[in-house]
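The residues making up each chain are set out below.
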Amino acid sequence: EVVVEKCDEAAAAGHTSVVVEVPAGVDGKSVGKLAKKIHKAHPDLALFVVAGGGGKVGAFAAVPDGHALAPAGAWLNAALEPLGGRGGGKPTFAQGSAKGDDASAVVAA
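Numbers given to residues run from 1 along each chain, matching the order in which its sequence is written. Totals for whole chains, interfaces and linings use all residues, but because this is a predicted model, local features are given only for residues with pLDDT of at least 70 and pairs of side-chain atoms are given and counted only at 80 or more. Values shown for side chains rest on all heavy atoms present in the structure; no hydrogens or waters enter the calculation.

### Re a negative patch on the surface
- Patch criteria: residues need more than 30% relative accessible area and no salt bridge. Like-charged residues are merged within 9 Å; nonpolar side chains of Val, Leu, Ile, Met, Phe, Trp and Tyr are merged within 5 Å. Accessible surface is estimated by sampling points in the Shrake-Rupley manner with a 1.4 Å probe; for residues, cover comes only from the protein chains shown. Basic side-chain nitrogens of Lys or Arg form a salt bridge, by our definition, when they fall within 4 Å of a carboxyl oxygen of Asp or Glu. Neither His nor the chain termini are counted; the positive set is Lys and Arg, and the negative set is Asp and Glu. A charge is said to be at NZ when it belongs to Lys, at CZ for Arg, at CG for Asp and at CD for Glu. Negative charge collects at one region of the surface, where Glu1, Glu5, Asp8 and Glu9 lie side by side.
- With respect to the helices and strands, Glu9 occurs in helix H1 (residues 2-12).
- Buried residues are those whose accessible area, probed at 1.4 Å on protein chains only, stays under 20% of the maximum for their type, while exposed residues exceed 50% and partly exposed ones sit between those limits. Taking the relative accessible area as the measure of exposure, Glu9 reaches 55% and is therefore exposed. Only DSSP runs of H or I reaching four residues or more are called helices, and only runs of E reaching two or more are called strands; each is numbered from the N terminus.

### Observations concerning the pairing of strand E1 (residues 17-22)
- Of the two faces of E1, the one holding Val18, Val20 and Val22 is buried and the one holding Ser17, Val19 and Glu21 is not buried anywhere.
- Summarising the sheet, E1 and strand E2 (residues 46-53) pair through six bridges and their orientation is parallel. Paired with Val19 across the bridge in E2 is Phe48.
- Between the parallel pair E1 and E2, the chain is carried across by helix H2 (residues 28-41), and the sense of this crossover is right-handed. Pairing between strands requires that DSSP locate at least two bridges from one strand to the other. Handedness of a crossover is defined as follows: with both strands directed away from the viewer, a clockwise route from the first strand across the helix to the second makes it right-handed.

### A few points about the environment of Val49
- Position of Val49 among the secondary structure elements: in strand E2.
- A relative accessible area of 0% means that Val49 is categorised as buried.

### A look at the sheet that holds strand E4 (residues 86-89)
- With respect to topology, five strands assemble into an open sheet ordered E1-E2-E3-E5-E4, the strand pairing being mixed. The open sheet is flanked by E1 and E4, the only strands paired with a single partner. Neighbour-to-neighbour, the strand axes of the sheet open up by a mean angle of 15 degrees, direction not taken into account.
- Relative to strand E5 (residues 93-99), E4 runs antiparallel, the two sharing four bridges. Every angle, taken between N-to-C directions, lies between 0 and 180 degrees, and every axis is a line fitted to C-alpha atoms, over only the stretch in contact when it is a helix.

### So, the nonpolar core
- Ranked by size, the top nonpolar core spans 17 residues in total, and within it Cys7, Val18, Val20, Val22, Leu47 and Val49 carry the most contacts.
- Taken together, the elements giving at least two residues each to this core come down to H1, E1, H2, E2 and strand E3 (56-62).
- Among the elements that line this core, the one with the most residues is H2, at four residues.
- Residues within four places of Val20 in sequence aside, it is in contact with Val3, Lys6, Cys7, Leu47, Phe48, Val49 and Val50. Here, nonpolar core means buried Ala, Val, Leu, Ile, Met, Phe, Trp, Tyr and Cys residues that are tied together by side-chain atoms lying within 4.5 Å of each other. By the convention used here, residues are in contact when the closest approach between their heavy atoms is within 4.5 Å.

### With respect to the side chain of His67
- Residue placement: His67 occurs in the loop between E3 and helix H3 (72-80).
- A residue is classified by how much of its surface remains accessible, and His67, at 16% relative accessible area, is buried.
- A 3.5 Å cut-off defines polar contacts: any pair of N or O atoms within that distance qualifies, except that in protein one atom must be a possible hydrogen donor and the other a possible acceptor, and neighbouring residues in sequence count only when both atoms are side-chain atoms. At 2.9 Å, the side chain of His67 forms a polar contact with the backbone oxygen of Thr16.
- Within the structure, the side chain of His67 is placed 3.0 Å from the backbone nitrogen of Leu69, a separation counted as a polar contact.
- Not counting chain neighbours up to four residues away, the residues in contact with His67 comprise Thr16, Asp44 and Ala46.

### Comments concerning H2
- Helix length check: H2, at 14 residues, gives a terminal C-alpha distance of 20 Å against a target of 20 Å (1.5 Å per residue), a fit within 8%.
- Of the residues making up H2, those classed as buried are Val31, Gly32, Leu34, Ala35 and Ile38. Seen end-on, H2 carries its buried residues on one side only, within an arc spanning 160 degrees. Seen from the open side of H2, the exposed residues pointing more than 90 degrees away from its buried face are Lys29, Lys33, Lys36, Lys37, Lys40 and Ala41.
- Residues of H2 that are buried sit in contact with H1, E1, E2, E3 and E5.
- Capping the start of H2 is the job of one residue whose side-chain oxygen sits 3.2 Å from the backbone nitrogen of Lys29: Asp27. Expected span, for any helix, means 1.5 Å times one less than how many residues it has. Within this analysis, the arc is defined by the directions that extend from the helix axis to the C-beta atoms.

Okay, structure coming up:
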């Protein structure tokens, strides 16, 4: 709920991108579904969702076609690389992971 509200506020304020951290313990499938739901609600917003827990950090990036942060995989890998992680996917939606529980380190990157 808090993640959705933060994205709604970012879109309403005219931001073109938002990075949100999901509370620890939320499983990867749920985080992926959440990212897709938010991307569908705000198709012009570049979205980066990250969650830590269980010894790894999972991340999802959704980027509209033609956005400055495109492709999604490049944005995702730039954020995960400092933790030794990586990911991939389609130009508009990518997912990846890194070792550790420190989701805030990915947010900072």
